[in-house]
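Next come the chains, spelled out residue by residue.
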2 protein chains.
Amino acid sequence: MLLMLFNYLISFSQNPVNYVNPFIGTSNFGATNPGAIAPRGMVSVSPFNVAGAPNLPLEKDSRWLSNPYINENTFLTGFSHVNLSGVGCPDLGVILTMPTTGALKTNHLEYGTTYTNEVSKPGYYSVNLSKYNVKTEVTASTRTGVSRYSFPKGQSNILINLGLGLTNEEGAVIKIVSDTEIEGMRNVGSFCYYKPEEAYPVYFVAKFSHPADDFGVWNTPKKTKGIESQWMGYNGKTRLYKQYKKEVIGDSIGSYFTYHFKEPTTVEVKIGVSYVSIENARENLEKETQGLTFDAIYNKTAATWNDLLSKIEVEGGTEDDKTIFYTALYHTLIHPNTLNDINGEYPTMAKRETAKTKGTRFTVFSFWDTYRNLHALMSLVYPKQQSDMVKSMLNIYDESGWLPKWELNATETTTMVGDPAGIILADTYLRGIQDFDIEKAYEAMRKSALQLENNPLRPGIKDYIEKGYLTTTTTKSGSVSTTQEYNITDFAIAQLAKKLNKKQDYELFSKRSITYRNLFDKKFNLLRPKNHDGSWFSPFNPNTGANFEKNLGFIEGNSWQYTFMVSHDIKMLMKLMGGKKQFVKQLDLVFNNKQFDMANEPDINYPFLYNYAKGYEWKTQDRVSSLIKEYFTNKPAGLPGNDDTGTMSAWLIYSMMGIYPSSPAEPNYTITSPHFNKITIHLNPNYYKNDKLIITSNTSKDKNHIKNIRIDGKPYKDYFISHKELVNSRSIEFTLE
Amino acid sequence: MLLMLFNYLISFSQNPVNYVNPFIGTSNFGATNPGAIAPRGMVSVSPFNVAGAPNLPLEKDSRWLSNPYINENTFLTGFSHVNLSGVGCPDLGVILTMPTTGALKTNHLEYGTTYTNEVSKPGYYSVNLSKYNVKTEVTASTRTGVSRYSFPKGQSNILINLGLGLTNEEGAVIKIVSDTEIEGMRNVGSFCYYKPEEAYPVYFVAKFSHPADDFGVWNTPKKTKGIESQWMGYNGKTRLYKQYKKEVIGDSIGSYFTYHFKEPTTVEVKIGVSYVSIENARENLEKETQGLTFDAIYNKTAATWNDLLSKIEVEGGTEDDKTIFYTALYHTLIHPNTLNDINGEYPTMAKRETAKTKGTRFTVFSFWDTYRNLHALMSLVYPKQQSDMVKSMLNIYDESGWLPKWELNATETTTMVGDPAGIILADTYLRGIQDFDIEKAYEAMRKSALQLENNPLRPGIKDYIEKGYLTTTTTKSGSVSTTQEYNITDFAIAQLAKKLNKKQDYELFSKRSITYRNLFDKKFNLLRPKNHDGSWFSPFNPNTGANFEKNLGFIEGNSWQYTFMVSHDIKMLMKLMGGKKQFVKQLDLVFNNKQFDMANEPDINYPFLYNYAKGYEWKTQDRVSSLIKEYFTNKPAGLPGNDDTGTMSAWLIYSMMGIYPSSPAEPNYTITSPHFNKITIHLNPNYYKNDKLIITSNTSKDKNHIKNIRIDGKPYKDYFISHKELVNSRSIEFTLE
């Protein structure tokens, strides 16, 4: 079912856009989708194949499922127009279009179909729908999804189903405006089955290239009980509103446009989306795509992709190496994505008043994941985007009084633990991306670090400050993990305070950044939860908590997977463990005892930690190379698990380039062996004095260990390099052996 | 609970507006309500007291209930802004406002309250809410409901509940626009639990005189099942969207405005309504009430009521006589009501496209009821309104291809049997109201009388034309009744054809108008259903079918109640029955055997039929007087049953004036004794040459029999008078004995 089409328009095989395989991550819970999307688009048009009979193994309503498309599934019920990529909770996956032929069916179980000939590339997806022999192609601009249906002659129908969706929310409104236009809205929200009171509508306008010969709306209300139902012959049955032109409201509603073609005919449908209003959805559609054909829109989007992906050029390596690399880069350019409409309007946090931005208001901030590497990558390769992301974070602070943690379309989902925004703000600033209001950023960071009451970002802050750690009483989910997360954020505040000459704060937060040490239990040489009275939590099994097993001290992990998550204080951790050798031994145990989890964030920088133990850097080089080989492949299952809005992909990109930002808020990289012979990173001249950095190496199947490094021709002995030194260099030459 | 307030502004006691008691009909299934409404208003603001614990005897969801207010109920849960009056099926009764005090509650079972001090008069209703000690007053302009809440100091809340409602439909959208404005829409429809595919939204905008100190929206989704529900801690629970400003969609939603008053404060809320759009609802509100206080709006509405009611002035009679008379006249001025917005826009039939009218597009055409007397009354007293109603009927024909039968807000509910529109068109034209396109009207009438296939107005038309009657095979509901209804319509077409010099049609339809004779069974001296082979339906019990009992031959009645429903052919019926004496004997049996049903239309002209039997006119006078006395009183139960959008009230008005249009489409009246000493009917000079007609009589408790009649001073011997002669007379003097 998997096929890479090399686009005739961008035919030069070295174009990075030709090395993206959007099917990577569509199996093994990667949670990506092969749909069409423009870089950081509000809209993506994804095939939707997760709805079917309730007993299907990967059916959306019979299990926890967070993506609109699963490579193994075979039953397609439409194309959803707003989607999340690489997340762990179901949401969005709504505004489904579906072409059918023959008699009208409105139940997806009846109109769904198998399919063949899938093609996916940046900004494009196509498939042949077996039941109808309709080729469907989709592309997208930033805020508009575009579909092209090649219908045979006879009756054809284009459905917009607002009942079906991945989100847990229901409720929609649809209105046929004319025989070429439909508008409506759909409830989404309750991400991770949480915060239902912040569910919100997404608005759309659909324009059709051909006027419908017939049209209407359906509504299938839920069956009601009670005495009145005896008079309702229609109870629970689908209603067809033929040629009806007012709003239809309901949970399970949709529209149909019907055609009677005398010859095979191609119909294009454009769907503009907005989180502000139907009017804005229409404006988005018109300003982005009015007068443009499917091909013109696709070509523009593909060219934008190619430009962005070309910011890193790689040479050498296998075709698969290039494919996993550029697909990863592609995945880091999906989220965070655009929230604002083309006129700059976007909804404010929670209250959803309409505000206006001059730049881009980004959304989908999965910071617990992305603070670890993705934003450092953005600062390096796409600093203007990173700057806009930071500004969006400050907007959110202005609107809600708090920095975001896991923001999704102007709702704070409060998913996961910790207070990660400050880490990103400090890291970005310290990497030299400074065109934002740093005083406001600093104020916002301090607020969540210091406010003792009603602090949504730091539950348990009182214990954290008084005792230095959260206890098994403070929280039922991750007392140790959360302590570590607060430590890292406090470290970030301290680093920024130092830079901003706020000495008192520097001292205060430096002290606060290492309190995890209170939780180090020499008996295990590991971190261990403490009870409220200061005693160790017992019995303690450091293995408990792997694979998302519940665990009082650690969230989504166990002690092995968290103990080393103190990059900013590794030297002391080493000391606590009994020195370098003990540290390496303990770290080896993580890997050797299969405690290492490539699919979850707390331990993803572990392979780089050998670099902190002089003489053991080769282990980093080995570990990283073998992890790449094991977990990142040019296959649907080619991601270790959820892509986590690009975090896994960013890990791969850095790892393959031979550098990794192993300690967030320290503007450094640690070094490992590159996986390409030549890597050219194009730098943005508005932020960096050089226009590019070239990393070369004699990497090959047999050569993976660093023999020596030369920077701008001079020997470089260290396995760490500051961001400043890196970007001010012109070349880094690796000699591998 | 019942109290008449004599308005200080319209204080002259002879003002008819002071003789209206809107509580009449709020018990005994009259289905009227005491809410505030402007004449033929789109909006009425009715207290809503039919929702409560499911085991309450008159609770809307535990029985068939068609009105928002029942006089005997005691638990008020708000004020609904669109309501039907005097109908037999539940619908509308939505957009409920409710003032509360103290902590916010969003469940009507919790915030509902008992009440005292109800006051109702045309355009005004007030009540004191016991739980909150909040006096609530409501008034209305044509398309805008206005509420005035007198709050104590402290926390107060104004709710708009879009979940609660009388209609069987669910689904709504609400959006808080600002701290003084809310907009939204609510699904309504499925009148009589039928035609769900024509359910439609009603739109509204609410403006508040005081900015809310706090505001929000609630949504209580239905509880869902399935595996996902285990992750939904919020499953089925009410969500509060605090200070949220985007659309909230759902079945059970509402908004709250909260105030913290430092002293007792009065808040006014205006709610504009439209069936076209939110924009139009806003324009309706603004054009009708912008800058006007509650009192100003009320005074204007009350003055309009007084003007209209003053078209008939009565003198003599008791206070109760005047009250039942003017209340009846008031009830005939509620439906049909206004559908179009102030800018002339209204939704077209079924498709609900936006069209524009120059006059008034009327709606709520319960023609099976109203063709019998109400439209004749309109032609006499409010001919301009009747003309606009006829034009609305022709609009409907233009839009849908068919004349209306039971039209409700641009949906054809197809309730009841027969093809009544043509009767009204002919009757109106023949009474001299002719400023409409009579050729189109005639074409429309002919269409439903002649189209054999896919004829929604005349099911069974083939049998009707071939055999002269419907059979027990043709229809399961009222083969005889339906034959009679078609006969009457065909008679109407014949009369109009005659007037328009269409001789062939006159002959055709005259013949078709008397085919009921085939169903006259001499054995019973009654009408009797026939089987498909022409044999009599057996066993036949003419008593079966009273009180809405199911009956194959007769809908909502039995043979006694239908046999005489052939006013246009009474002479022949008399002959069939064996002559005048037999006819009178048989008619007497209806009354003496308690087969007469004052609460249903088929037999309501029976009391007047004695006038067709010379020498027995005194029986009409007796029957009519005693029926008035028995069924029409100045009490909540003072209507015989459903008012049927004014049909029962029109019966009373005519009966008390001493004239009755006993044979629809014959522009005549039959005469009985008046119930007032002086009745002045003001005639519209655009339609009639005289400006008024005065009916005088020496009516008194003991004098009810007509001794003689003088018209314009000349003795008048007949008990029938043509409409033309009536309106061209200046005085009719009755001498009673």
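Residues numbered from 1 in each chain as written. Chains lettered and ligands numbered in written order. Predicted model: local features only at pLDDT ≥ 70, side-chain atom pairs only at ≥ 80, totals over all residues. Heavy atoms only, no water.

- The name an unreviewed UniProt entry assigns to chain A is GH92 family glycosyl hydrolase, from the organism Flavivirga spongiicola.
- Of chain A, the UniProt comment under Cofactor (unreviewed entry) reads exactly: "Ca(2+)".
- Entered under Subunit (unreviewed entry) in the UniProt record, the comment concerning chain A runs "Monomer." (UniProt positions renumbered as here; feature names shortened; annotations may be inferred.)

Topic: unusual backbone geometry
Logical step 1: In this chain, A:His335 is followed by A:Pro336 through a cis amide linkage whose omega measures -15 degrees.
Logical step 2: Positive phi values are uncommon outside glycine, yet B:Val364 reaches one of about 65 degrees.
Logical step 3: By secondary structure assignment, the location of B:Val364 is in the loop between strand E22 (362-363) and strand E23 (365-366).
Logical step 4: Positive phi is not limited to glycine here, since B:Asp644 has a value of about 55 degrees.
Logical step 5: Following the sequence through the fold, B:Asp644 ends up in the loop between helix H16 (617-631) and helix H17 (647-657).
Logical step 6: Overall, B:Asp644 belongs to the buried group, its relative accessible area being 8%. (Helix = DSSP H or I, 4+ residues; strand = E, 2+ residues; numbered from the N terminus. Buried < 20%, exposed > 50% of the residue type's maximum accessible area, 1.4 Å probe, protein only.)

Description of helix H2 (residues 278-289) of chain B
All names here are of chain B.
Logical step 1: The terminal C-alpha atoms of H2, which comprises 12 residues, lie 16 Å apart, in line with the 16 Å expected from a rise of 1.5 Å per residue.
Logical step 2: Listing the buried residues of H2 in full gives Ile 278, Asn 280, Ala 281, Arg 282, Asn 284, Leu 285, Glu 288 and Thr 289.
Logical step 3: The positive-phi residue at the C-terminal boundary of H2 is Gly 291, with phi of around 80 degrees. (Expected span 1.5 Å × (residues − 1).)

Looking at the relation of the copies chain A and chain B
Logical step 1: The two copies are related by a screw operation: chain A maps onto chain B through 180 degrees of rotation and 0.0 Å of translation along the axis, at an RMSD of 0.0 Å. Such a combination of rotation and displacement between the chain copies is what one expects of a two-fold axis.
Logical step 2: Interface residue correspondence from chain A to chain B reaches 100%, placing this contact among same-surface, isologous pairings. (Least-squares fit on C-alpha atoms with pLDDT ≥ 70 in both. Contact = heavy atoms within 4.5 Å.)

Observations concerning the interface of chain A and chain B
Logical step 1: Counting residues at the interface gives 46 residues for chain A, matched by 47 residues for chain B.
Logical step 2: When chain A packs against chain B, the two sides together hide about 4,100 Å² of surface, and 54% of this comes from carbon and sulfur.
Logical step 3: Among the ionic pairs, B:Glu353 bridges to A:Lys245, the shortest N-O distance being 2.6 Å.
Logical step 4: Our count for the contact surface shared by chain A and chain B stands at 24 residue pairs in polar contact (both at pLDDT 80 or more).
Logical step 5: Of all elements in the fold, only strand E10 (172-178), strand E11 (181-188), strand E12 (200-208) and strand E14 (239-242) of chain A reach the threshold of two or more residues within the side of chain A that touches chain B.
Logical step 6: Here the side of chain A that touches chain B takes 4 residues from E14(A), the largest share from any one element.
Logical step 7: Here the side of chain A that touches chain B is composed, by residue class, of 22 nonpolar, 7 polar and 17 charged. (Buried area = accessible area lost by both parts, 1.4 Å probe. Salt bridge = Lys/Arg side-chain N within 4 Å of Asp/Glu carboxyl O. Polar contact = N/O pair within 3.5 Å; in protein donor to acceptor, adjacent residues only side chain to side chain. Nonpolar A, V, L, I, M, F, W, Y, C, P; charged D, E, K, R; others polar.)

Quick notes on the state of the cysteines
Residue and element names in this part refer to chain A.
Logical step 1: Overall, the coordinates contain 2 disulfides over all chains when judged by the stated rule.
Logical step 2: The disulfide partner of Cys 89 is Cys 192, and the S-S distance across this bridge is 1.9 Å. The S-S bond linking Cys 89 to Cys 192 shows a torsion near 95 degrees; that makes this disulfide right-handed. With Cys 89 in the loop between strand E3 (79-82) and strand E4 (94-101) and Cys 192 in the loop between E11 and E12, the pair connects residues that are 103 residues apart, well separated along the chain. As far as burial versus exposure is concerned, Cys 89 and Cys 192 are alike and both buried. (Disulfide = S-S within 2.5 Å.)

Things to note about the sheet that holds strand E12 (residues 200-208) of chain B
Residues and elements named next belong to chain B.
Logical step 1: The 9 strands lie next to each other as E5-E6-E7-E8-E17-E12-E11-E10-E15, forming an open sheet whose pairing is antiparallel. Strands with a single pairing partner mark the edges of an open sheet, and in this sheet they are strand E5 (115-121) and strand E15 (248-250). Mean inter-strand twist for the sheet, computed between neighbouring axes without regard to direction, equals 15 degrees.
Logical step 2: For strand E7 (residues 134-140) and strand E8 (residues 144-151), the ladder comprises 6 bridges, and the chain directions are antiparallel. Residue pairing across strands places Val 138 opposite Ser 147, the latter belonging to E8.
Logical step 3: The strands that H2 touches are E8, strand E10 (172-178), strand E11 (181-188), E12 and strand E17 (265-274); relative to E12, the one it contacts most, it runs at about 45 degrees.
Logical step 4: On top of the sheet, helix H3 (residues 294-309) reaches E5, strand E6 (124-129), E7, E8 and E17; it is set at about 45 degrees to E7, its chief contact. (Pairing = 2+ DSSP bridges. Axes fitted to C-alpha atoms, helices over the stretch in contact; angles between N-to-C directions.)

Quick look at the domain arrangement of chain A
All names here are of chain A.
Logical step 1: Under the domain assignment used here, chain A contains domain 1 (16-307) and domain 2 (311-736).
Logical step 2: Relative placement of domain 1 and domain 2: their C-alpha centres are 35 Å apart.
Logical step 3: At the junction of the two partners, domain 1 supplies 50 residues and domain 2 supplies 53 residues.
Logical step 4: Interface area for domain 1 against domain 2, summed over the two sides, is near 4,100 Å², with a carbon-plus-sulfur share of 57%.
Logical step 5: Three residues stand out in domain 1 for area buried against domain 2, namely Tyr 19, Ile 24 and Arg 40, and they jointly supply 23% of the buried area on that side.
Logical step 6: In this structure, the connection of domain 1 to domain 2 is made through 0 salt bridges.
Logical step 7: Across the domain 1-domain 2 interface, the total number found is 31 residue pairs in polar contact (both at pLDDT 80 or more).
Logical step 8: Where the side of domain 1 that touches domain 2 is concerned, the elements lending two or more residues are strand E17 (265-274), helix H2 (278-289) and helix H3 (294-309). (Domains from an automatic or database assignment.)

A closer look at the side chain of B:Asp643
Residues and elements named next belong to chain B.
Logical step 1: Considering the arrangement of structural elements, one finds Asp 643 in the loop between H16 and H17.
Logical step 2: Although Asp 643 is buried, it forms no salt bridge, and the closest oppositely charged side chain is Arg 40 at an N-O distance of 10 Å.
Logical step 3: Engagement of the side chain of Asp 643 in a polar contact is seen with the side chain of Ser 649, the distance being 2.9 Å.
Logical step 4: Residues in contact with Asp 643, not counting those within four places in the same chain, are Gly 30, Thr 32, Gly 86, His 331, Met 648 and Ser 649. (Lys, Arg positive; Asp, Glu negative; His and termini not counted.)

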